[in-house]
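Residues per chain are reported as follows:
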Protein chains: 2
Amino acid sequence: MGASLSLTIRAKGFPCKTTGIVRTEKSKTKGLELKSADIILTEEEFLQNPNWNEFDLVVFSLPIHLTCEKILAFPENYCGVITDLASAKKDIIEIVEKKFQTTHSYYSSHPMAGSEQTGLEFAKPNLFEGKLCILTKPKQVSSVAIEKLELFWKQLDTSKIEMNSIEHDQILAYLSHSPHILSSILVNWAYENPIVQNKINHSDTPLTGGGFRDMTRIAGSNPEMWDAIISANKQNIIDSLEGFKSHIDSILKVLNDENTKSEFWNQYFTKSKSNRANILKLKE
Amino acid sequence: MGASLSLTIRAKGFPCKTTGIVRTEKSKTKGLELKSADIILTEEEFLQNPNWNEFDLVVFSLPIHLTCEKILAFPENYCGVITDLASAKKDIIEIVEKKFQTTHSYYSSHPMAGSEQTGLEFAKPNLFEGKLCILTKPKQVSSVAIEKLELFWKQLDTSKIEMNSIEHDQILAYLSHSPHILSSILVNWAYENPIVQNKINHSDTPLTGGGFRDMTRIAGSNPEMWDAIISANKQNIIDSLEGFKSHIDSILKVLNDENTKSEFWNQYFTKSKSNRANILKLKE
């Protein structure tokens with residue numbers, strides 16, 4: 001997502017340069033080839049002689065636990081704005097509030113954009129267009145940093161909503177984290193059934209329609225990132241998955257009840273269609 | 001799906017005419033406007049003076065219980081081929097075998113194509129292209145009917161696989177029917193959480209990313225059709241949903257275990273990515 005951000009900034013012609021700091025030589029080579037940023041350095045190269053105050057904005061686009069490490073090690077005299085793109089906020093906000101005990105310029109971002117594909121080659125200059133960016137304020141963040149970062153995301157054509165880290169992580173468990181796990185369960189549950197697996201393995205063409213394909217699109221994407229998200233939001237994920245099981249139980253009760261009226265399903269699916277329209281802000 | 005079939009036949013320029021029999025005057029008017037078929041009649045009009053032997057192929061594109069009714073009422077002296085497009089096969093094959101006790105020409109089809117949108121206006125002339133058609137033989141179906149129907153689907157650029165009705169319904173519970181229910185549960189589970197609902201209702205922009213949108217695309221589509229599918233494949237759906245719950249339980253056990261190693265998730269997501277590639281026949 002860091003590379004998409006860099007491509008977007010460059011595509012918009014902002015009067016600035018982007019520097020991409022990558023973790024490996026391989027990523028550097030790829031980034032240079034793909035022109036992912038104006039300057040690309042490995043972390044090792046960058047840390048040999050870092051001049052942080054060259055940068056107006058520092059964006060961490062890293063798994064959460066690594067973002068937390070970088071925050072702890074961050075120079076306290078940095079004058080620009082700092083943010084991250086992390087999908088769970090509690091740990092990050094805790095670390096920021098521990099690290100910066102007076103006014104600071106760290107303001108956390110979660111743009112609701114992404115892809116199941118990992119790697120610089122999948123970066124897109126229009127990834128953020130029309131998307132929502134959830135912003136989370138740590139205590140003592142300066143009003144200047146708030147203003148600058150909100151303007152930045154606005155110039156990238158995102159709209160914004162503000163949430164504290166507790167709300168953010170509860171809501172994201174339902175709208176992103178647990179769905180990601182459920183999508184992966186769906187794949188494994190289907191393929192591990194011996195009758196299903198046997199037929200699949202004896203067919204050259206997929207046995208599935210578009211529904212199954214779409215429901216599992218995000219299954220298994222970016223294991224490293226998701227490992228970190230799950231660790232960082234474990235209790236909300238547990239609670240929401242327990243809730244999902246209760247929903248299945250209610251459905252099983254209906255299926256097992258000989259007296260269920262056929263209108264039940266009509267009502268249930270009609271309700272889910274309408275709830276989906278509310279969630280996705282669709283016009284029905 | 002009947003209208004898509006008619007449009008496909010016409011787009012391919014087959015030397016034949018298509019007749020669409022619809023249930024309501026409203027559908028007839030819409031079908032005439034959209035030119036969904038060469039001839040469009042309401043069922044009432046058609047049944048006033050039906051000459052079945054005008055047709056080489058009769059295709060039932062109806063909810064399962066209605067398909068079963070039509071099969072029971074079907075004239076025994078019909079000379080062409082008969083099929084349906086139903087998503088569950090046990091009831092249909094039972095009715096066919098009860099109705100036709102000597103050689104007959106009913107051969108059941110399930111093209112793995114469709115859309116979450118219902119109505120003649122969503123019919124597409126390329127809906128079947130490259131898709132799989134699952135074919136299910138009732139006892140005593142003639143080899144001529146088999147040959148003709150298989151050629152028909154081949155000319156529509158579908159590939160085929162054969163399954164008996166028991167296998168078909170077991171497999172479809174995993175790859176289609178229960179996923180449909182799970183997609184609807186996902187929507188209701190998320191929206192019925194008060195914290196989630198409150199934030200959604202206070203935001204103009206959707207709080208969800210593409211993952212949630214795609215996982216719920218099929219939620220609530222065509223309630224009438226799905227009511228019939230669920231009734232027709234109830235036990236397989238119950239068994240598979242019980243299995244899905246067990247998968248969630250295994251995941252909850254891992255989440256609740258303080259000693260879970262971080263490699264677990266990496267392995268789990270890597271496995272689901274690989275299983276998905278097997279199911280969808282993707283090259284990894």
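An account of the accompanying structure is given in this report. Note that the coordinates shown come from a computational prediction; the quantities given were computed from them, not determined experimentally.

**Digging into the sheet that holds strand β6 (residues 132-136) of chain B**
All names here are of chain B.
Here comes step 1: Sheet architecture is open: 3 strands sit in the order β5-β6-β7, paired in mixed fashion. Each edge of the open sheet carries a strand with a single partner, namely β5 (108-111) and β7 (159-162). When the angles between neighbouring strand axes are averaged without regard to direction, this sheet yields 25°.
Here comes step 2: Here β6 pairs with β7 via 4 bridges, running parallel.

**Side note on the packing of aromatic side chains**
Here comes step 1: Applying the stated criterion across every chain, the model contains 28 aromatic pairs over all chains.
Here comes step 2: Each ring, one from F60 of chain A and one from F74 of chain A, has its centre 5.9 Å from the other, and the planes form 85°; the classification is edge-to-face. Taken as a pair, F60 of chain A in strand β3 (residues 57-60) and F74 of chain A in the loop between α4 (64-72) and β4 (81-84) lie far apart in primary sequence, 14 residues in all.
Here comes step 3: The interplanar angle of 85° and the centroid separation of 5.1 Å between the aromatic rings of F46 of chain B and W52 of chain B together place this pair among those described as edge-to-face. Both residues of the pair, F46 of chain B and W52 of chain B, count as buried.
Here comes step 4: Grouped by ring-pair contacts, the aromatic residues F46, W52, F55, F60, F74 and Y78 of chain A constitute a single cluster.

**Brief notes about the sheet that holds strand β6 (residues 132-136) of chain A**
Strands belonging to one sheet form pairs held by backbone hydrogen bonds; the direction of such a pair is parallel or antiparallel.
All names here are of chain A.
Here comes step 1: Across the sheet, 3 strands lie side by side as β5-β6-β7; this open sheet has mixed pairing. Looking at the sheet topology across the chains shown, the edges are occupied by β5 (108-111) and β7 (159-162). In this sheet, neighbouring strand axes are inclined to one another by 25° on average, regardless of whether the strands run parallel or antiparallel.
Here comes step 2: Looking at chain direction, β5 and β6 are connected through 4 bridges and run antiparallel. Each bridged residue has a counterpart across the sheet, and for P111 the counterpart in β6 is C133.
Here comes step 3: Strands in contact with helix α7 (residues 165-191) are β5 and β6; relative to β6, the strand with the most contacts, it is inclined by about 140°.

**Brief notes about the pattern of salt bridges**
Oppositely charged side chains are able to pair whenever their charged atoms sit close together.
Here comes step 1: Tallied over the entire structure, the rule returns 32 salt bridges over all chains.
Here comes step 2: Between K12 of chain A and D157 of chain A there is a salt bridge, with its nearest N and O atoms 2.6 Å apart. Within this pair, whereas K12 of chain A is found in the loop between α1 (2-11) and β1 (19-22), its partner D157 of chain A is found in the loop between α6 (143-155) and β7, the two being separated by 145 residues in sequence.
Here comes step 3: K12 of chain A gets classed as partly exposed once you look at its relative accessible area, which sits at 35%.
Here comes step 4: Overall, D157 of chain A belongs to the partly exposed group, its relative accessible area being 36%.
Here comes step 5: Between E162 of chain B and K137 of chain B there is a salt bridge, and its shortest N-O distance comes to 3.2 Å.

**Concerning the side chain of N233 of chain A**
Residues and elements named next belong to chain A.
Here comes step 1: Assignment of secondary structure puts N233 in the loop between α10 (223-232) and α11 (234-256).
Here comes step 2: Its relative accessible area of 3% is what places N233 among the buried residues.
Here comes step 3: Of note is the side chain of N233, whose polar atom sits 2.8 Å from the side chain of N236.
Here comes step 4: Not counting the four nearest positions on each side in its chain, N233 is found in contact with A88, D169, A173 and H177.

What counts, and where the lines are drawn
Residues numbered from 1 in each chain as written. Chains lettered and ligands numbered in written order. Predicted model: local features only at pLDDT ≥ 70, side-chain atom pairs only at ≥ 80, totals over all residues. Heavy atoms only, no water. Pairing = 2+ DSSP bridges. Helix = DSSP H or I, 4+ residues; strand = E, 2+ residues; numbered from the N terminus. Axes fitted to C-alpha atoms, helices over the stretch in contact; angles between N-to-C directions. Phe/Tyr/Trp six-rings, centres within 6.5 Å; stacked < 30°, edge-to-face > 60°. Buried < 20%, exposed > 50% of the residue type's maximum accessible area, 1.4 Å probe, protein only. Contact = heavy atoms within 4.5 Å. Salt bridge = Lys/Arg side-chain N within 4 Å of Asp/Glu carboxyl O. Polar contact = N/O pair within 3.5 Å; in protein donor to acceptor, adjacent residues only side chain to side chain.

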